[in-house]
Amino acid sequence: MSASTTALQRWWHAVWPASTLIAAIVLAWEVYARFSGVKPTTLPSPSRVVEQLISNAPALADNALPTIIATASGFALSVTSAFVFSILVDFVRPLRRALFPVFIISQTLPLVAIAPLVVLWFGFGLLPKILLIALVTFFPMMVSLVQGYDSTDKDMEWLLRSMGAGRRKVFLLARLPSAIPYFFTGLRISITYAVVGAIFAEYSGAAKGLGIYMLSAKNNFRPDLVLAAVFCSAFITLVLFGMTVVLERVSTPWVRREGEAQ
Amino acid sequence: MSAETKRLALRGVGKQFGDLNVLGDVSIDVAPGEFVSILGPSGAGKSTIFQILTGGTKADTGVIAFDGSELADASDKFALMPQKDALMPWRRIVDNATLGLEVQGLSRKTAREKVAPLFEEFGLAGFEQHYPHQLSGGMRQRVALLRTVIQQRQMLLLDEPFGALDALTRTAMQQWLERMWGQHNWTALLITHDVREAVFLSDRIYVLSARPARVTHEIRVPLARPRRVADLASPEATRIEAELLEALLGT
Ligand SMILES: Nc1ncnc2c1ncn2[C@@H]1O[C@H](COP(=O)(O)OP(=O)(O)O)[C@@H](O)[C@H]1O
Ligand SMILES: [Mg+2]
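Each value, and the rule that gives it
- Residues numbered from 1 in each chain as written.
- Chains lettered and ligands numbered in written order.
- Predicted model: local features only at pLDDT ≥ 70, side-chain atom pairs only at ≥ 80, totals over all residues.
- Heavy atoms only, no water.
- UniProt positions renumbered as here; feature names shortened; annotations may be inferred.
- Helix = DSSP H or I, 4+ residues; strand = E, 2+ residues; numbered from the N terminus.
- Buried < 20%, exposed > 50% of the residue type's maximum accessible area, 1.4 Å probe, protein only.
- Contact = heavy atoms within 4.5 Å.
- Areas by Shrake-Rupley, 256 points an atom, 1.4 Å probe, with all protein chains shown as cover.
- Lys, Arg positive; Asp, Glu negative; His and termini not counted.
- Charge placed at Lys NZ, Arg CZ, Asp CG, Glu CD.
- Rg over C-alpha atoms; globule rule 2.2 N^0.38 Å.
- Core = buried A, V, L, I, M, F, W, Y, C linked by side-chain atoms within 4.5 Å.
- Domains from an automatic or database assignment.
- Buried area = accessible area lost by both parts, 1.4 Å probe.
- Salt bridge = Lys/Arg side-chain N within 4 Å of Asp/Glu carboxyl O.
- Polar contact = N/O pair within 3.5 Å; in protein donor to acceptor, adjacent residues only side chain to side chain.
- Axes fitted to C-alpha atoms, helices over the stretch in contact; angles between N-to-C directions.
- Left-handed = near helix turned anticlockwise from the far one by under 90°.
- Nonpolar A, V, L, I, M, F, W, Y, C, P; charged D, E, K, R; others polar.
- Parallel < 35°, antiparallel > 145°, perpendicular 65-115°, else oblique.
- pLDDT = per-residue confidence, 0-100.
- Near = heavy atom within 4 Å.
- Pairing = 2+ DSSP bridges.

- By the naming in an unreviewed UniProt entry, chain B goes by ABC transporter ATP-binding protein and is assigned to Devosia epidermidihirudinis.
- Its UniProt record, at the heading Sequence similarities (unreviewed entry), says of chain B: "Belongs to the ABC transporter superfamily."

Written as structure tokens, this is what we have:
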């Protein structure tokens with residue numbers, strides 16, 4: 001089992017600096033919270049947060065589920081529409097010049113101001129959350145895809161045209177596959193935005209969700225519960241992030257990766 | 001030989017990109033079964049000639065005839081090998097080799113069956129399922145060449161196929177191509193800036209001037225085939241090499 005041992009060693013080699021740093025920060029926080037005389041209602045210690053996390057686990061899970069559902073559906077909508085629009089603007093160049101300024105403006109809208117309005121217009125249900133998540137993740141996804149298409153090797157396109165390929169075939173055989181690494185980069189960046197977007201939307205009004213849970217915990221002077229919910233959202237983000245990494249690995253077997261044998 | 005029996009005939013071809021006068025006046029002939037090279041300084045417009053032939057861009061002036069009749073716009077006469085190997089990193093070697101067949105509409109299965117017997121000859125047996133990044137530079141070039149010849153077009157257009165290889169691998173590839181040349185009935189136009197490569201492989205060599213490109217010399221290489229690397233040391237080959245270098249440096 002020497003192969004798995006080295007894989008484990010490699011993994012440890014990759015994670016130990018960050019893990020050590022995080023452990024040090026948590027330890028310093030714990031020491032400060034316990035011995036500085038600061039009130040737990042101002043700064044709870046990490047151990048207290050974990051305690052609350054465990055004792056409130058059912059409520060947290062109950063609130064995490066709507067957040068996960070909103071994130072997943074909003075993100076799915078965003079990725080799908082970014083994909084459709086990216087193909088449109090790749091085939092119809094004037095459309096790119098018409099749409100990009102509009103999308104860029106959409107990115108300048110402050111979420112703090114927009115989120116309550118969207119909730120006001122579309123209610124406390126799933127729809128405003130999906131829309132807000134799409135708003136924050138659509139553009140990065142779309143830009144990644146368009147950049148990916150444009151990264152296509154010119155000789156490759158020339159070669160395909162010399163073989164008799166039309167625009168559709170050039171797109172399917174060269175431009176689309178060239179965009180795959182860019183697509184995954186976009187995916188990794190926007191999945192973190194998506195969770196933040198979902199929580200923001202819930203914070204502005206929701207029946208259930210980690211966002212609204214944080215808000216009511218704050219209003220009840222329970223920073224320990226706020227932090228427990230923050231921990232949950234961070235955990236969700238990390239899991240989703242990990243899923244995109246795994247998805248990228250299995251769907252791009254041709255990419256040579258560090259530490260991999262030839 | 002009359003113009004009618006030429007496989008390819010370029011007459012007074014000129015091309016400008018905006019203010020950049022790339023091709024001045026280029027006239028080139030290739031007979032069926034002939035190996036012709038175009039030798040010229042880099043940036044002279046050599047690749048532009050291939051662009052024009054494959055319909056990537058249009059010539060401003062001149063006429064191009066193929067087998068005696070004017071070349072149609074989107075030509076299906078040529079199989080192109082671009083300067084870089086242009087292998088698709090996401091396709092396995094076998095699927096890179098069959099790319100042209102797939103574009104022609106063959107099913108993946110049929111295309112694979114058609115290309116399979118050639119892997120041995122191209123020194124690629126056992127690498128069918130590899131990805132391009134797992135292959136050496138010389139092997140990648142052989143895949144690119146296999147992808148080119150499998151299209152069974154009437155003429156091969158090879159744009160500096162060995163330009164990116166180290167000297168030793170390049171010589172090995174030239175030897176290999178010369179051997180392949182003897183076994184197949186190909187017609188080829190090769191772009192290169194390597195004088196020895198041109199001498200070793202060609203029946204005839206055109207020397208181009210710097211931009212705007214025109215043909216300054218046309219030199220025959222009467223060395224017998226099959227050729228070996230040692231033949232490059234013969235007085236005949238040395239004389240041609242010197243003549244070519246003088247032509248290139250003198251202009
Ligand atoms: N599509 C194009 N548009 C504008 N300029 C081009 C284009 N293609 C080639 N050129 C220019 O034409 C010149 C000759 O290019 P090329 O034919 O590739 O040279 P060579 O292959 O001899 O090195 C270069 O200066 C290049 O920048
Ligand atoms: Mg060139």
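Some words on the overall build of chain A
Consideration 1: When helices and strands are counted, chain A shows 11 helices and zero strands.
Consideration 2: Taken from N to C terminus, the helices and strands of chain A fall in the order α-α-α-α-α-α-α-α-α-α-α.
Consideration 3: Seen through its C-alpha atoms, chain A measures out along the principal axes to roughly 75 × 60 × 30 Å.
Consideration 4: Across the 262 residues in chain A, those meeting the buried criterion constitute 40%.
Consideration 5: Within chain A, residue pairs in contact and separated by at least 24 positions form 71% of the contacts whose partners lie at least 6 positions apart.
Consideration 6: Just so you have it, chain A exposes about 14400 Å², and 73% of that area is on carbon and sulfur atoms.
Consideration 7: If the 21 positive side-chain charges of chain A are averaged to one point and the 13 negative ones to another, these points end up 5 Å apart.

Concerning the overall build of chain B
Consideration 1: Along the backbone of chain B there are nine helices and 10 strands.
Consideration 2: Here the C-alpha radius of gyration of chain B, 18 Å, is about what a compact globule of 251 residues would show, namely 18 Å.
Consideration 3: By its C-alpha atoms, chain B is 50 × 45 × 35 Å across when sized along the principal axes.
Consideration 4: Residue pairs at least 24 apart in sequence account for 68% of intrachain contacts in chain B once pairs closer than 6 positions are excluded.
Consideration 5: Summing over all exposed atoms, chain B offers an accessible surface of approximately 10700 Å²; the carbon and sulfur share of this is 51%.
Consideration 6: Of the charged side chains in chain B, 29 are positive and 30 negative, and the gap between their average positions amounts to 4 Å.

Here we look at the nonpolar core
Consideration 1: Membership of the largest hydrophobic core comes to 50 residues, with the highest contact counts inside it found for Phe119, Phe122, Leu124, Leu146, Leu177, Val199 and Leu244 of chain B.
Consideration 2: Sorting elements by how many residues they give to this core places helix α6 (residues 137-149) of chain B first, with six residues.
Consideration 3: Two domains each provide a minimum of three residues to this core, namely domain 1 (3-77 + 154-249) and domain 2 (83-153) of chain B.
Consideration 4: Dropping the residues within four chain positions of it, Leu124 of chain B is found in contact with Phe119, Leu135, Met139, Arg142, Val143 and Leu146 of chain B.
Consideration 5: Counting 36 residues, the second largest nonpolar core, distinct from the first, contains Ala64, Leu99, Met214 and Leu240 of chain A.

So, the interface of chain B and chain A
Consideration 1: Each partner contributes to the interface: chain B provides 27 residues, whereas chain A provides 20 residues.
Consideration 2: Between chain B and chain A lies a buried interface of about 2100 Å² when both sides are counted; carbon and sulfur atoms form 65% of it.
Consideration 3: Three residues stand out in chain B for area buried against chain A, namely Trp90, Val103 and His133 of chain B, and they jointly supply 33% of the buried area on that side.
Consideration 4: Along the contact surface separating chain B from chain A lie one salt bridge.
Consideration 5: Salt-bridge contacts for Lys84 of chain B lead to Asp153 of chain A; the nearest nitrogen and oxygen are separated by 3.1 Å.
Consideration 6: Run the count over chain B and chain A and you get five residue pairs in polar contact (both at pLDDT 80 or more).
Consideration 7: Sorting the residues of the side of chain B that touches chain A by element identifies α1 (46-53), β6 (78-81) and α3 (99-103) of chain B as the ones contributing at least two each.

Remarks on the packing of helix α4 (residues 93-108) of chain A against helix α6 (residues 126-150) of chain A
Residue and element names in this part refer to chain A.
Consideration 1: Direction vectors running N to C along α4 and α6 enclose 145°, while the axes themselves pass 10 Å from each other. Helix-helix and strand crossings are classified by hand; for α4 and α6 the assignment is left-handed. Contacts from Arg93, Arg96, Phe100, Phe103, Ile104, Ser106 and Gln107 in α4 reach Leu135, Val136, Phe138, Phe139, Pro140, Met142, Val143, Val146 and Asp150 in α6.
Consideration 2: Taken together, the residues that form the contact of α4 with α6 break down as 11 nonpolar, two polar and three charged.

Thoughts on the packing of helix α7 (residues 154-162) of chain A against helix α8 (residues 167-178) of chain A
All names here are of chain A.
Consideration 1: Where α7 contacts α8, the axes come no closer than 10 Å and their chain directions differ by 150°. The angle between the axes of α7 and α8 places the two elements in the roughly antiparallel class. Every pair of crossing elements has a handedness; the one defined by α7 and α8 is right-handed. Between α7, through Met156, Glu157, Leu160 and Arg161, and α8, the contact on the second element is made entirely by Val170, Leu173, Ala174 and Arg175.
Consideration 2: Classifying every residue of the contact of α7 with α8 gives five nonpolar, no polar and three charged.

Observations regarding the confidence of the model for chain A
Consideration 1: Taken residue by residue, chain A gives an average pLDDT of 91. The fraction at 70 or more is 96%.
Consideration 2: Taken element by element, chain A is modelled with least confidence in α4 of chain A, mean pLDDT 87, and with most confidence in α8 of chain A, mean pLDDT 96.

Some remarks on the site of ligand 1
Residues and elements named next belong to chain B.
Consideration 1: Taken together, Phe17, Leu20, Val22, Ser42, Gly43, Ala44, Gly45, Lys46, Ser47, Thr48 and Arg211 make up the full set of residues near ligand 1.
Consideration 2: Lys46 is positioned with one of its backbone polar atoms (N or O) 2.8 Å from an oxygen atom of ligand 1.
Consideration 3: The protein chains hide 59% of the 570 Å² of surface that ligand 1 would expose on its own.
Consideration 4: Sorting the residues of the shell around ligand 1 by element identifies β2 (20-30) and α1 as the ones contributing at least two each.
Consideration 5: Residues of the shell around ligand 1, tallied by class, amount to four nonpolar, five polar and two charged.

Section: the sheet that holds β2 of chain B
All names here are of chain B.
Consideration 1: With mixed pairing, the 10 strands of this open sheet are ordered in space as β5-β4-β1-β2-β10-β9-β3-β8-β7-β6. A strand with exactly one partner marks an edge of an open sheet, and here the two such strands are β5 (69-70) and β6.
Consideration 2: Direction of pairing for strand β3 (residues 35-39) relative to strand β8 (residues 188-192): parallel, over a ladder of five bridges. Paired with Leu39 across the strands is Thr192, a residue of β8.
Consideration 3: Across the sheet, α1 lies against β1 (8-17), β2, β3, β4 (61-66), β6, β7 (155-159), β8 and β9 (204-208), angled at about 110° from β1, the strand it touches most.

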